[in-house]
Amino acid sequence: MQWEYQPAYDDSFQGYDQFHLQAIDRAGNISRPIAVILQYDQAPIPFFPTVKTFTLKTPDYQEPIANHQPIPADFKLHDVFIAQTHVFRPQDPYLQLVQNRWALIKLNLSSG
């Protein structure tokens, strides 16, 4: 079998790319993930990461109980982050959310 890498046609390939692939044989056996790193003027670099599978119970959301306290006058929202496997700001071009996976929203807030 032969593989050919074709970067996007929009000229976004800057000489470096990385991705993961898995092979499935005719019997349905799946290989462990193979990480591939591509660079100009160098052969691809294969890497075999360790794969660990674990299961977490779905967290149960509980609506916070309103305490009817006023918002402080010096309340400041400094930054917002979103995370699934990596932490990014919402405007980061590398942020991509995966469906059916919990996301964490991190807020940096302050008040005297």
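Above this text sits the structure in question.
Source: prediction; values computed, not measured. (Residues numbered from 1 in each chain as written. Predicted model: local features only at pLDDT ≥ 70, side-chain atom pairs only at ≥ 80, totals over all residues. Heavy atoms only, no water.)

1. What about the pattern of salt bridges?
Between side chains of opposite charge, pairing is possible as soon as their charged atoms come close. By the definition in use, this model includes 1 salt bridge. Close ionic contact of Asp 79 with Arg 89 constitutes a salt bridge, the shortest N to O distance being 2.7 Å. With Asp 79 in strand β4 (residues 76-83) and Arg 89 in the loop between β5 (87-88) and β6 (104-110), the pair connects residues that are 10 residues apart, well separated along the chain. In this structure Arg 89 comes out as partly exposed when scored by relative accessible area, which is 39%. (Salt bridge = Lys/Arg side-chain N within 4 Å of Asp/Glu carboxyl O. Helix = DSSP H or I, 4+ residues; strand = E, 2+ residues; numbered from the N terminus. Buried < 20%, exposed > 50% of the residue type's maximum accessible area, 1.4 Å probe, protein only.)

2. Focus: the sheet that holds β5
One open sheet holds the 3 strands; their spatial order is β5-β4-β6, and the pairing between them is antiparallel. Every interior strand has two partners, whereas the edge strands, β5 and β6, have only one. Inspection of the sheet shows β4 paired to β6 by 7 bridges, in the antiparallel sense. Note on β6: the bridge partner recorded for Val 80 is Leu 107. (Pairing = 2+ DSSP bridges.)

3. Digging into a nonpolar patch on the surface
On the surface, a cluster of nonpolar side chains totalling about 630 Å² of accessible area is made up of Ile 71, Phe 75, Leu 77, Ile 105, Leu 107 and Leu 109. When residues of the nonpolar patch are assigned to their parent elements, the largest contribution, 3 residues, is made by β6. Turning to its location among the elements, Phe 75 is positioned in the loop between β3 (45-47) and β4. (Patch = residues over 30% accessible without salt bridge, like charges linked within 9 Å, V, L, I, M, F, W, Y side chains within 5 Å. Areas by Shrake-Rupley, 256 points an atom, 1.4 Å probe, with all protein chains shown as cover.)

In short, shape yes, function no, at least from these values alone.
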